[in-house]
Amino acid sequence: MTAPTTNGVANGHSNGVTNGNAVNGNGVANGDAHHHDIESKRFATRAVHAGFTHDPITGAVIAPISLSTTYAQPKVGVPTGIYEYSRSANPNRDQFEQAVASLEGAKYGLAFSSGSATTAVVLQSLPQNSHVISVSDVYGGTHRYFTKVAAAHNVQVTFAGNIELDVEALIQENTKLIWIETPSNPTLSLVDIAAVSAVAKKHNIIVVVDNTFMSPYVQTPLEHGADIVVHSVTKYINGHSDVVMGVAALNDDTLAERLRFLQNAIGAVPSAFDSWLAHRGLKTLHLRARQASENAALVAAALEASELVSLVNYPGLDSHPQRKIALKQHRKNSHGGMLSFRVKAGGAAARKFCEETKIFTLAESLGGVESLCEIPAAMTHAGIPVEQREAVGVFDDLVRLSCGIEDGEDLVEDVLGALARCSKQ
Ligand SMILES: *Cc1c(COP(=O)(O)O)cnc(C)c1O
C-alpha cells in the first residue's frame with residue numbers, strides 16, 4: 001500500500017503545524033480556525049482538544065470509531081479523502097498521533113501496537129552495522145531487544161552505567177543513536193537529557209528518550225534536546241490499564257518519513273479502537289498525572305519518615321541524589337507516580353508487604369488509575385543476574401509502587417499498615 005500523501009507522512013503538514021490539518025471521521029480535513037488555535041494553548045487545553053474538534057457533518061464532539069479497513073476510490077488511484085487502507089493510516093490513529101505530538105511539543109506522532117514495537121521500529125530504522133549507546137538501566141523488554149534482536153541486522157549496543165560521564169568516550173565512528181530512559185526503572189535515577197543531547201549533537205547522533213514513566217505532562221524531552229521521544233502508551237498516556245500501545249513523537253521531517261514508512265512496512269500498528277481508547281485516556285492525562293504525582297509525594301514522604309524503611313527512591317524528595325536534574329527537567333512539583341523503597345526487615349518482608357496491601361494491587365505494569373505494587377527482583381527484573389541487578393540497586397527487599405489516583409491519605413494508610421504487618425517478626 002502506498003501512504004496517503006505523496007511524502008509518505010500521513011499527518012505531516014507543509015505548514016509545520018501538527019494538527020492544523022486535522023481530519024474528522026470522514027477523512028475530510030476540517031482545518032477550521034478554532035482547531036488552529038489549540039496549538040498555542042496550555043497543556044490541559046491541548047490534552048482535551050488536540051487531534052479532534054467536532055465532526056463537521058454530524059456535530060459529534062467525540063470522534064466516531066472508524067473501523068473500515070479500506071476506503072472507496074471514485075476513480076482509479078484517487079481516494080475519496082486522504083485514506084486508502086487502514087494499516088497505512090486511519091482517522092482514529094491520526095487523531096491520537098496528533099494529540100500526542102501536541103502534548104510532546106512535536107511536529108509528528110506515530111503510533112504502534114505496543115511500546116516494544118515502537119522500540120523495534122526505531123532500532124530497525126538504523127542502517128546495518130550501526131552502534132547504539134544505551135543507559136544500562138533500561139526497561140527489560142528494551143534490554144532484551146538490544147541484546148537479543150538488534151544483532152540480527154548487525155546493530156551493536158553498548159550499555160553505559162553513567163551516561164553523562166561516559167557518553168563521549170563510548171562514541172564510535174558508527175554510533176548512530178543514544179537511548180535514554182529517565183527516570184530509570186525501578187530505582188528512579190535520572191539522566192540529564194540536555195547534557196547528553198549536547199554531546200550527541202556535536203557528533204550528529206540521534207537521541208531517543210523513553211518518557212513512559214513521566215508522561216508528557218511531567219517531562220517533554222524534545223524541549224531538552226532529544227530527537228525522538230517514545231512511550232509505552234500502555235502506561236500513563238492511556239492510563240486505564242486496558243490498552244497495549246506505543247507511540248513516538250519527533251520533529252525531523254526525514255526521520256519522520258522513515259519511521260512512517262516503517263510503520264506501514266512492518267505493520268506493527270494499533271487498531272482504530274485502541275487508538276480511540278488511548279485518545280480518550282490522553283484527554284485526562286494532566287489530571288491523572290497531577291494526582292498520581294501528588295499521591296506519590298505523600299507516600300514517599302511517609303515512607304521516608306518510617307523506621308521500617310531503609311531507603312526511598314523518588315525524584316520529588318530532597319534526598320534524591322539527582323534532585324537538581326529533577327527540578328530542571330520535570331514540571332514544577334510533579335515527579336510522577338512511580339517510586340521504590342527498601343524494606344528494612346528484608347526480602348521476605350518486602351514480599352509480604354505486597355501481599356498485605358489492601359488498595360495497592362500486586363501486579364506488574366504501571367501508570368493506571370489504580371495503585372499497583374511489585375517486587376522487581378522477583379517479577380519485572382527477575383531475568384537479570386543477581387550481581388548485575390544489585391549493582392544498580394535492585395535488591396530483594398526493594399518494592400516498586402505505581403501510585404494511582406485514589407485518595408492519597410488512603411494510599412499512605414495502606415502502605416504504612418502493610419509495612420507494620422510485614423515487618424513484625
Ligand atoms: C512497559 C514499558 C515499555 C514497553 O511497552 P509495552 O507497551 O509493554 O510493549 C517500554 N518502556 C518502559 C519504560 C515501559 O514501562
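Thresholds, definitions, all that
Residues numbered from 1 in each chain as written. Predicted model: local features only at pLDDT ≥ 70, side-chain atom pairs only at ≥ 80, totals over all residues. Heavy atoms only, no water. Domains from an automatic or database assignment. Contact = heavy atoms within 4.5 Å. Buried area = accessible area lost by both parts, 1.4 Å probe. Salt bridge = Lys/Arg side-chain N within 4 Å of Asp/Glu carboxyl O. Helix = DSSP H or I, 4+ residues; strand = E, 2+ residues; numbered from the N terminus. Buried < 20%, exposed > 50% of the residue type's maximum accessible area, 1.4 Å probe, protein only. Polar contact = N/O pair within 3.5 Å; in protein donor to acceptor, adjacent residues only side chain to side chain. Near = heavy atom within 4 Å. Areas by Shrake-Rupley, 256 points an atom, 1.4 Å probe, with all protein chains shown as cover. Nonpolar A, V, L, I, M, F, W, Y, C, P; charged D, E, K, R; others polar. UniProt positions renumbered as here; feature names shortened; annotations may be inferred. Core = buried A, V, L, I, M, F, W, Y, C linked by side-chain atoms within 4.5 Å. Phe/Tyr/Trp six-rings, centres within 6.5 Å; stacked < 30°, edge-to-face > 60°.

Engineer: I'm lost on the domain arrangement of the protein chain in this one. Help?
Structural biologist: Bring the parts together and some accessible area is lost; that lost area is often taken as the interface size. Splitting the protein chain by domain gives domain 1 (105-271) and domain 2 (286-422). Distance between the C-alpha centres of domain 1 and domain 2: 25 Å. Of the residues lining the interface, 28 residues belong to domain 1; the matching set on domain 2 comes to 37 residues. Of the roughly 2800 Å² buried where domain 1 meets domain 2, counting both sides, 56% is carbon and sulfur surface. On the domain 1 side of the interface with domain 2, the three residues burying the most area are Leu-190, Tyr-217 and Tyr-236, jointly 29% of the side's total. On the surface where domain 1 and domain 2 come into contact, there are one salt bridge.

Engineer: Looking at this structure, I do not really get the side chain of Ser-102. What am I missing?
Structural biologist: Secondary-structure assignment places Ser-102 in helix 3 (residues 91-104). Since its relative accessible area comes to 1%, Ser-102 is described here as buried. For Ser-102, the side chain forms a polar contact with the side chain of Glu-39, separated by 2.8 Å.

Engineer: I'm lost on the site of the ligand in this one. Help?
Structural biologist: Taken together, the neighbourhood of the ligand is formed by 13 residues, with Ser-116, Asp-210, Ser-232, Thr-234 and Lys-235 sitting nearest. Take Ser-116: an N or O atom from its side chain is 2.7 Å from an oxygen atom of the ligand. Note that a nitrogen atom of the ligand is positioned 2.7 Å from one of the side-chain N or O atoms of Asp-210. Considering the ligand on its own, with 380 Å² of exposed area, one finds that the protein chains cover 91% of that surface. Residues that form the shell around the ligand fall into these classes: four nonpolar, six polar and three charged.

Engineer: It is not clear to me how the UniProt feature "modified residue: N6-(pyridoxal phosphate)lysine" (unreviewed entry) in the protein chain should be interpreted in this structure. Could you clarify?
Structural biologist: Residues annotated in UniProt with the feature "modified residue: N6-(pyridoxal phosphate)lysine" (unreviewed entry) correspond here to Lys-235. One can find Lys-235 in the loop between strand 6 (228-232) and strand 7 (246-250). Not counting residues up to four positions away in its chain, the partners in contact with Lys-235 are Tyr-139, Thr-212, Ser-365, Leu-366 and Gly-367.

Engineer: Any chance you could explain the nonpolar core here in plain terms?
Structural biologist: Burial of nonpolar side chains together is a common tendency in soluble globular proteins. Judged by nonpolar contacts, the single largest core of 50 residues is most densely connected at Leu-123, Ile-163, Ile-178, Trp-179, Ile-228 and Leu-250. No other element matches the five residues that helix 4 (residues 115-124) contributes to this core. Residues Ala-349, Ala-350, Phe-360 and Val-394 belong to the second largest nonpolar core, which totals 30 residues.

Engineer: Any chance you could explain the packing of aromatic side chains here in plain terms?
Structural biologist: The geometry of an aromatic ring pair is captured by two quantities: the separation of the ring centres and the angle between the planes. Inspection of the entire model under this criterion finds five aromatic pairs. Each ring, one from Tyr-71 and one from Tyr-83, has its centre 5.5 Å from the other, and the planes form 35°; the classification is tilted. Note that Tyr-71 is positioned in the loop between helix 2 (43-49) and helix 3 and Tyr-83 in the loop between helix 2 and helix 3, a separation of twelve residues in sequence. Note on accessibility: Tyr-71 and Tyr-83 belong to one class, buried.

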